[in-house]
Amino acid sequence: MKDASPQITPETIYLKDYTAFGWQIEDVHLTFHLSPGATRVVSKIHFAPNPDAPAQEFFLHGEEVNLIRASINGEVVSPQVDAHGLRCDVPSGPFLWECEVEIAPEANTALEGLYMSSGMYCTQCEAEGFRKITFYPDRPDVMAVFTTRVEGEMPVLLSNGNLKGQGDGWAEWHDPWPKPAYLFALVAGDLVNHPGAFKTMSGKDVALNIYVRPGDEGKCAFGMEALIASMKWDEEVYGREYDLDIFNIVAVDDFNMGAMENKGLNVFNSSCVLASPETSTDGNFERIEAIIAHEYFHNWTGNRITCRDWFQLCLKEGLTVFRDGQFTSDLRSAPVKRIEDVIQLRARQFPEDQGPLAHPVRPESFQEINNFYTATVYEKGAEVIGMLKTLVGDDAYAKAVDLYFDRHDGDAATIEDWLKVFEDSTGRDLAQFKRWYSQAGTPFVDVSETWEDGTFTLTLSQKTPPSPGQDVKEPYVIPVAVGLIGPNGDEVLETQVLELTEAEQSFAFEGLSARPVASVLRGFSAPVVLTHDVDRAFLLAHDSDPFNRWEASRSLARDCLLAMIRDGAAPDAAWLDGLEKVLRDSTLDPAYRALMLSGPTAAEMAQLLHENGVTPDPQAIWDAQDQLSQAMAERWQAFLPELTQASNVTAPYKPNADQSGKRSLGAAMLGLTRRLDGGAAAQAQYQAADNMTLQLSALANLVRAGQEDPALGHFYDQWKNDRLVLDKWFGLQVSASAPEQAIDRVDTLVAHPDFDWQNPNRFRAVFGALAMHHAAFHHVSGRAYALLTDWLIKLDDKNPQTTARMCSAFQTWKRYDAGRQALIKTQLDRIMAKPNLSRDVSEMVSRILAS
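Residues numbered from 1 in each chain as written. Predicted model: local features only at pLDDT ≥ 70, side-chain atom pairs only at ≥ 80, totals over all residues. Heavy atoms only, no water.

(A) View of the pairing of strand β18 (residues 205-212). The element β18 is extensively covered by neighbouring structure, given that 6 of its 8 residues are classed as buried. In the sheet, strand β17 (residues 192-199) pairs with β18 via 8 bridges, with the strands oriented antiparallel. In the sheet register, G196 faces β18, and the bridge partner there is L208. Here β17 folds back onto β18, and the loop between the two strands holds 5 residues, one of which, G203, carries a positive phi near 95°. Where the polypeptide runs from β18 across helix α1 (residues 221-238) and back to strand β19 (residues 246-252), its parallel neighbour, the crossover connection is left-handed. (Buried < 20%, exposed > 50% of the residue type's maximum accessible area, 1.4 Å probe, protein only. Helix = DSSP H or I, 4+ residues; strand = E, 2+ residues; numbered from the N terminus. Pairing = 2+ DSSP bridges. Right-handed = clockwise from strand over helix to strand, strands pointing away.)

(B) Fine view of the pattern of salt bridges. In this structure the tally under the stated criterion is 64 salt bridges. Across the pair R131 and D138 runs a salt bridge, and its minimum N-O distance is 3.0 Å. You'll find R131 and D138 in the same group, each marked buried. Each of R346, E551, R554, R558 and E604 takes part in one network of salt bridges that share partners. (Salt bridge = Lys/Arg side-chain N within 4 Å of Asp/Glu carboxyl O.)

(C) Representation of the sheet that holds strand β28 (residues 491-500) within the structure. Spatially, β28-β27-β30 is the arrangement adopted by the 3 strands of the open sheet, whose pairing is antiparallel. Each edge of the open sheet carries a strand with a single partner, namely β28 and β30 (517-520). Within this sheet the neighbouring strands show an average axis-to-axis angle of 25°, counted without direction. Two strands pair when backbone bridges link them, and strand β27 (residues 478-485) and β30 are joined in this way by 4 bridges, in the antiparallel orientation. By the bridge assignment for β30, I485 is matched with V517. (Axes fitted to C-alpha atoms, helices over the stretch in contact; angles between N-to-C directions.)

(D) Expanded view of helix α6 (residues 394-408). Spanning 15 residues, α6 covers 21 Å between terminal C-alpha atoms, matching the ideal 21 Å at 1.5 Å per step. Elements that come into contact with the buried residues of α6 comprise α1, α3 (313-331), α5 (375-392), β24 (412-413) and α7 (415-426). (Expected span 1.5 Å × (residues − 1). Contact = heavy atoms within 4.5 Å.)

(E) Representation of unusual backbone geometry within the structure. That bond from E126 to A127 is cis: its omega, 5°, falls within 30 degrees of zero. By the element assignment, A127 lies in the loop between β11 (120-124) and β12 (144-151). You will see that L111, though not glycine, has its phi angle at about 60°, which is positive. Summarising the element assignment, L111 is placed in the loop between β9 (95-103) and β10 (113-117). Residue class for L111 comes out buried when judged on its relative accessible area of 6%. If you check the backbone angles, D453 has positive phi at about 50° while not being a glycine. By secondary structure assignment, the location of D453 is in the loop between β25 (444-452) and β26 (455-463).

(F) Representation of the sheet that holds strand β4 (residues 58-61) within the structure. Read from one edge of the open sheet, 3 strands run β4-β8-β7, paired in antiparallel fashion. Only two strands of the sheet have a single partner each, and these edge strands are β4 and β7 (80-82). Across this sheet, the average inter-strand angle for adjacent strands is 20°, counted without regard to direction. When β4 meets strand β8 (residues 85-88), the two strands line up antiparallel, connected through 4 bridges. Within β8, the residue paired with H61 across the bridge is G85.

(G) Quick peek at the side chain of R554. Within the fold, R554 resides in helix α10 (residues 546-567). There is a polar contact of 3.3 Å between the side chain of R554 and the side chain of S598. The residues contacting R554, other than those within four sequence positions of it, are I343, S598, G599, P600, T601 and E604. (Polar contact = N/O pair within 3.5 Å; in protein donor to acceptor, adjacent residues only side chain to side chain.)

(H) Up close: helix α22 (residues 760-772). The sharpest bend along α22 comes to roughly 25°, located at V766. The buried fraction of α22 is high, at 10 of 13 residues. Listed in full, the buried residues belonging to α22 are P760, N761, R762, F763, A765, V766, F767, G768, A769 and L770. Against the buried residues of α22 lie β21 (265-269), α20 (723-735), α21 (739-749), α23 (774-777), α24 (783-796) and α25 (800-806). (Bend = angle between axes of the 7 residues up to and from the residue.)

(I) Structural view of the pairing of β26. When you tally the buried positions in β26, you get 7 out of 9 residues, the bulk of the element. Looking at chain direction, β25 and β26 are connected through 9 bridges and run antiparallel. By the bridge assignment for β26, D446 is matched with S461. Counting the residues that bridge the hairpin from β25 to β26 gives 2 residues, and of these D453 lies at a positive phi of roughly 50°. Pairing of β26 with strand β29 (residues 504-509), which is carried by 6 bridges, proceeds in the antiparallel orientation. From the neighbouring strand, L458 faces β29, where its bridge partner is F507.

(J) Spotlight on the packing of helix α11 (residues 573-583) against helix α12 (residues 590-598). The N-to-C vectors of α11 and α12 enclose an angle of 160°; their axes lie 9 Å apart at closest approach. The pairing of α11 with α12 is recorded here as roughly antiparallel in orientation. Relative to α12, the crossing made by α11 is left-handed. Between α11 and α12, the contacting residues are L579, V582 and L583 on the first element and R593, M596 and L597 on the second. Tallied by class, the residues present in the contact of α11 with α12 amount to 5 nonpolar, no polar and 1 charged. (Parallel < 35°, antiparallel > 145°, perpendicular 65-115°, else oblique. Left-handed = near helix turned anticlockwise from the far one by under 90°. Nonpolar A, V, L, I, M, F, W, Y, C, P; charged D, E, K, R; others polar.)

(K) Quick peek at the packing of helix α16 (residues 657-677) against helix α18 (residues 692-704). Where α16 contacts α18, the axes come no closer than 10 Å and their chain directions differ by 20°. Judged on the interaxial angle alone, α18 and α16 are roughly parallel. For the crossing formed where α16 meets α18, the hand is right-handed. Contacts between α16 and α18 involve R663, A667, L670, G671 and R674 on the former and, on the latter, T693, L694, S697, A698, N701 and R704.

(L) Geometry of the nonpolar core. Of all hydrophobic cores here, the largest spans 212 residues; its most connected members are W97, W418 and F433. Excluding residues within four positions of it along the chain, F433 makes contact with V384, M387, L388, L391, L419 and V477. Y686, V734, A809 and F810 belong to the second largest nonpolar core, which has 59 residues in total. (Core = buried A, V, L, I, M, F, W, Y, C linked by side-chain atoms within 4.5 Å.)

(M) Quick peek at the environment of K834. Mapping K834 onto the fold places it in the loop between α26 (818-832) and α27 (839-849). Within the structure, K834 has its side chain in polar contact with the side chain of D796 (distance 3.3 Å).

(N) Highlighting the packing of aromatic side chains. A full pass over the atoms with the stated rule returns 48 aromatic pairs. With a centroid separation of 6.3 Å and an interplanar angle of 85°, the aromatic rings of F130 and F146 are classed as edge-to-face. Remark: F146 occurs in strand β12 and F130 occurs in the loop between β11 and β12; sequence separation between them is 16 residues. Accessibility classification places F130 together with F146 in one group, the buried group. Note on Y373 and Y378: the rings are 6.3 Å apart at their centroids and 50° apart in plane angle, and the pair reads as tilted. Judged by relative accessible area, Y373 falls into the buried class, the value being 12%. Between the NZ or CZ atom of R304 and the centre of the ring of W177, over which it lies, the distance is 3.8 Å. Here the basic side chain of R323 rests over the ring of Y238, its NZ or CZ set 4.6 Å away from the ring centre. (Phe/Tyr/Trp six-rings, centres within 6.5 Å; stacked < 30°, edge-to-face > 60°. Lys NZ or Arg CZ within 6 Å of the ring centre and 35° of its normal.)

(O) Representation of the environment of G713 within the structure. Mapped onto the elements, G713 comes out in helix α19 (residues 711-719). Spatially, the C-alpha atoms of G713 and W729 are 9.9 Å apart, while their sequence positions differ by 16 residues.

(P) Inspection of the side chain of K132 at higher detail. In this fold, K132 is placed in the loop between β11 and β12. Apart from the residues within four sequence positions on either side, K132 is in contact with E63, E64, V65, I103, A110, E112 and G113.

Below, the structure is given as structure tokens:
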């Protein structure tokens, strides 16, 4: 818990102030004597002066740790200790630092450092959790070899690296690869393991284990398959081989994040590794596969090469998100993966870029680094890597990345180091491209056309709106993938990449026999907002680029909804006819056809209305979306049974792309059918379901139809002892309900005996669902604003990190009407007035209010 000291203004840390630590560490020896209320940690660290650092006082970070003793070269010392760490006079040459501290894992509800989860000891040290374990230079540029001895009564005692030895009540681990403290891990508990094995490309045998609580053994097989697939893919695509004798994963119930890439000992939120057909949806399986790959890929892009300081976080996260996206694309469907990524980018990152929380991919300053584990750092950071690959080409990208690994293995690197290997290997000047790392905001790209004497000219212009602290933006390097389609639907120019580097540029295409239709920004080649007056219906019918064909339909859907909301228009019949042809095309991937039906989100429509000078009414958006879905169901009722039948899977369940795609299309058909039969088909599916994907989609439709009884109670009785499935039960009741009913359900659910508000998964299941339910969260009464705020104020004392991230639900408040703005500001002011408000939440809410 945070201390109860008076509130003070948090310190702002700046990238420009970076200074190397004054000492290097030769090795670290840690001994843990585990006890829930009084764990003792003994550290022995060999320091030596850093010849490349300026003179400075000796300072070690430490928070909420009780110093028992300290010595230098065997002589007792008395350091000056405060709430942030200790200072001590030290010799001018190398020396041995020893200290013993006491910490209380069972009292650590913030889930940072060493804490307890369901009787298990576990750690989370990224970004600055190690300082809650012992006194140490807790910064990513201080890398050392760790040896860790764990002593305790638990049968399983784990840490980083290779197992050196073990006996009754102890185990000792040695990690030969230098690492920063944020990659340290320790787990101890009554655990069982699901074993596996992998032989690397050089013939080395690696033991693999997934450790879980007893009873979860049957949910590990898919995670092990995903791990092995990740290891094989990284060898084949990036030439990266695993470098230890063992790779362990541990599933933990109480975890703030998805997973953590600690060297040789990955700690996972249980929701991100445990899976079975009966308890997990297709979406769960795909997410688990991607997260396991992401954490494994960090072994090279994050661990062997880490970041110099936390401002460089995008270096390891953006690159690794890009790599896990490549992995999923190779294993599943590349077009579907690209579309899903863009949907998430627009839903999570674009609002961040366009609001008070906007920041560059590499921020210039922060008060609490935990607040910068954002969609901008991760997802936009990955988009920047993708653009760089597009600009230099696949071969040059591979060559540059190999040079990066060769040059910086064992380093704490920077964005400059990353770009330099591309400049050195390609000869290309990337100074202007670097603006993607230093400027915040989403660029808007406008496209205009001219046609004259067989020459088709595209004129592209770019402009990026002001964002906090950055009023004027310089032009980016924007790769714009373009193809040209003839009047008969044939492609007359295959995809070319245009480089937009100025505020406005023209590109001419000569020798054409007829005016083409331009397909611009194919594959979503850059994270921009595109404005282009083009025949979207033609692109929907003829574009060979899967992304732009989907985008054409999405744009038509946006225009349709905009007209319905703003002008009271009827649904666009021509667009619905074009969409029907796509849905009935059995040569297309079922998952792709399902995505065609997904439609713009309510938040996306709110932003579009705002950009068009219309104050968004969340209830009006809800009503228009509902009306449009009803029109689809009635218009297509004749062929819904045919598509439903075609999407049936009769083979035994597998979470692969083929089966998952069919079930996804089937779920879309069920949603439309429910509007015609009042939930009869959903009821039949619920009763017959033999996997969680079918059971949950049926239950959601029963809730939407108002026919949830008795299925909702049956589902609870069936799964009340499975914590991860119960999270689904909590969340679905909010997400599938009508707006006002959703708020009522939250009121009921938080009083449920199984609502454990201190468990991040359970808290997010309820309040994450509420925040994502646009019409419910922004209900005109303000009930949802107040309800979320009540619980954020309560949670902040226990878990500031989760609280701060949930505060982002308020980030778009300025686009709504004055009444809603006043209601939200009242709640934000309540949060800021909370006594002993955490630094995490204070920074987040201050930035939101500053807009």
